[in-house]
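Chain residues, written in single-letter form:
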Amino acid sequence: MNQEVESTPREKVVVVLSGGMDSAVLLSHLAAQGHPLKAVSFNYGQRHVRELDSAARLATAAGVEHTIADLRGLTPLFGANSLSDLSVPVPEGHYAEESMKLTIVPNRNMIMLASAIAWAISSQFDAVAYGAHSGDHAIYPDCRPEFADAMSAASLLCDWKPIRLMRPFVQFDKGQIVALGHDLKTPFELTWTCYQGGEKHCGKCGSCTERQEAFAQAGVVDPVAYV
């Protein structure tokens, strides 16, 4: 693991908790290491707002303080994309470059990380953790290592108290994250991945497709229901 992302025991950490499987395993992983934790989720007008229910249930199961930051005032600024604009359909199947571009919410990770860093500062916490991993697609500009490195540098400079940006899964792919979560007894049945945001996972969008492949790679049964 990179020295940059190794965690110091007992650091107080704000976890960016989307409600998906990666952030759920991140919460389990940091809890198992003994970190005092808080979790923050974001309502930015996403079609799959259902994920926030999962985030709340995951935080409750872990006994972690949880808040949802309401960013819906920013939704009109995000323009046409399939996550926050209901007029744009969610692409199905494996993501190709053009279809993936439809799912880009401009600058979403910077906005979320900056907000989480602010909460860490005001809470006198030490770090913010999020579930960046090696499977994140380079087509997403705010998933590239260069972006994360720049945000990490900024988080150390934006206040008198430096906040460390933790990416403990940066060398993991999604299958490895599922395997770790299985070992940690992460409650995957509480997680939400689907971009459609119905009562059940659609099983067809790129996010569902990658989830199913990750569970198959790890040899773990996916407990969520699919249409």
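Bear in mind the structure is a predicted one, so any value in this text is a computation, not a measurement. Think of each chain on its own: its residues are numbered from 1, step by step along the sequence as written. Confidence filtering applies because this is a predicted model: local features only for residues at pLDDT of at least 70, side-chain atom pairs given and counted only at 80 or more, and all residues used for totals across whole chains, interfaces and linings. As a rule here, side-chain values cover all heavy atoms of the structure and leave hydrogens and water aside.

Draft legend 1. Inspection of the overall build of the chain at higher detail. Secondary structure elements follow DSSP: runs of H or I of four or more residues count as helices, runs of E of two or more count as strands, with numbering from the N terminus. Each helix and strand counted, the chain has seven helices and five strands in total. Element order for the chain, N to C, with α for helix and β for strand: β-α-β-α-β-α-α-β-α-β-α-α. Rg of the C-alpha trace for the chain: 16 Å, near the compact-globule value of 17 Å for 227 residues, within the 12% margin. By residue count, 49% of the 227 residues in the chain fall in the buried class. Taking the contacts inside the chain whose residues are at least 6 apart along the sequence as the reference set, 73% of them involve residues at least 24 apart. Residue-level accessible areas treat just the shown protein chains as cover; the underlying method is Shrake-Rupley with a 1.4 Å probe. As presented, the chain carries roughly 10,400 Å² of accessible surface, and 55% of it is formed by carbon and sulfur atoms. The size measure is the radius of gyration over C-alpha atoms, and the globule rule it meets is 2.2 Å times the number of residues to the 0.38 power. Buried means the residue's accessible area, taken with a 1.4 Å probe over protein chains only, is under 20% of the maximum for its type, while exposed means over 50%, and partly exposed covers the values in between. Residue contacts are counted whenever heavy atoms from the two residues lie within 4.5 Å of one another.

Draft legend 2. Main features of the packing of helix H4 (residues 108–122) against helix H5 (residues 145–155). Between H4 and H5, the least distance of the axes is 11 Å, while the angle of their chain directions is 25°. Looking at the two axes, H4 sits roughly parallel to H5. Crossing of H4 against H5: the hand is right-handed. When H4 is examined against H5, the residues Asn109, Met110, Leu113, Ala114 and Ile117 are found in contact with a partner set consisting of Phe147, Met151 and Ser155. For this scheme, ten residues count as nonpolar: Ala, Val, Leu, Ile, Met, Phe, Trp, Tyr, Cys and Pro. Four count as charged, namely Asp, Glu, Lys and Arg, and the remainder, Gly too, count as polar. Across the contact of H4 with H5, the residue classes tally to six nonpolar, two polar and no charged. Helix axes are fitted to C-alpha atoms over the stretch in contact, other axes to C-alpha atoms as well, and angles between N-to-C directions run from 0 to 180 degrees. Under this scheme an angle from 65 to 115 degrees is roughly perpendicular, one under 35 degrees roughly parallel, and one over 145 degrees roughly antiparallel; angles in between are oblique. For any helix crossing, the convention is left-handed if the near helix is rotated counterclockwise from the far helix by under a right angle, and right-handed if that rotation is clockwise.

Draft legend 3. Representation of the pairing of strand E2 (residues 37–43) within the structure. Of all the seven residues making up E2, seven are buried; the element is thus mostly covered by neighbouring parts of the structure. Look down the strands so they point away from you; if the path from the first strand over the helix to the second goes clockwise, the crossover is right-handed. Chirality of the crossover, the property in question, places the unit of strand E1 (residues 13–16), helix H1 (residues 21–32) and E2 among those that are right-handed. When DSSP finds two or more bridges between two strands, those strands count as paired. As judged from the six bridges shared by E2 and strand E3 (residues 65–70), these two strands associate in the parallel manner. What sits directly across from Val40, in E3, is Thr67. Handedness of the crossover joining E2 and E3 through helix H2 (residues 50–62) is recorded here as right-handed.

Draft legend 4. Representation of the pattern of salt bridges within the structure. Salt bridges are identified by distance alone: a Lys or Arg side-chain nitrogen within 4 Å of an Asp or Glu carboxyl oxygen. Taken as a whole, this structure holds seven salt bridges when the rule is applied. Here Lys38 makes a salt bridge to Glu65, at a shortest N to O gap of 4.0 Å. Of the two residues, Lys38 is situated in strand E2 and Glu65 in strand E3; the sequence distance between them amounts to 27 residues. We classify Lys38 as buried; its relative accessible area is 14%.

Draft legend 5. Here's a closer look at the nonpolar core. Of all hydrophobic cores here, the largest spans 32 residues; its most connected members are Val14, Val16, Leu113 and Val128. Secondary structure elements with two or more residues in this core: E1, E2, H4 and H5. For this core, the element with the most residues is H4, which contributes seven residues. Put simply, buried Ala, Val, Leu, Ile, Met, Phe, Trp, Tyr and Cys residues joined by side-chain atoms within 4.5 Å make one nonpolar core. Counting 28 residues, the second largest nonpolar core, distinct from the first, contains Val13, Met21, Leu26 and Leu27.

Draft legend 6. Region of interest: the state of the cysteines. Only a pair of cysteine sulfur atoms within 2.5 Å qualifies as a disulfide here. Using the criterion set out here, one finds zero disulfides in the structure. As a non-bridged cysteine, Cys205 has Cys208 as the owner of its nearest cysteine sulfur, 3.7 Å distant.

Draft legend 7. Layout of the UniProt feature "binding site: Zn(2+)" (unreviewed entry) in the chain. UniProt positions are given in the numbering used here, feature names are shortened, and annotations may be inferred rather than shown by experiment. What UniProt calls "binding site: Zn(2+)" (unreviewed entry) maps, in this numbering, to Cys194, Cys202, Cys205 and Cys208. Positionally, Cys202 belongs in the loop between helix H6 (174–183) and helix H7 (206–218). Look at Cys202 and you get buried, because its relative accessible area is 15%. Each residue touching Cys202, except ones within four places of it in the same chain, is listed here: Cys194, Gln196, Cys208 and Val227. Checked against the element boundaries, Cys205 lands in the loop between H6 and H7.

Draft legend 8. Highlighting the sheet that holds E2. Here five strands make up an open sheet; going across it, the order is E3-E2-E1-E4-E5 and the pairing parallel. Bordering the open sheet on either side are E3 and strand E5 (164–166), each of which pairs with just one other strand. Ignoring which end each strand starts from, the neighbouring axes of this sheet average 25° apart. As defined by bridge partners, E1 adjoins strand E4 (residues 127–129) across three bridges and the pair is classed as parallel. The partner of Val15 across the bridge, within E4, is Ala129. Set on the sheet, H1 makes contact with E1, E2, E4 and E5; between it and E1 the angle comes to about 160°. On the sheet, H4 packs against E1, E2, E3, E4 and E5 and is oriented at approximately 145° with respect to E2.

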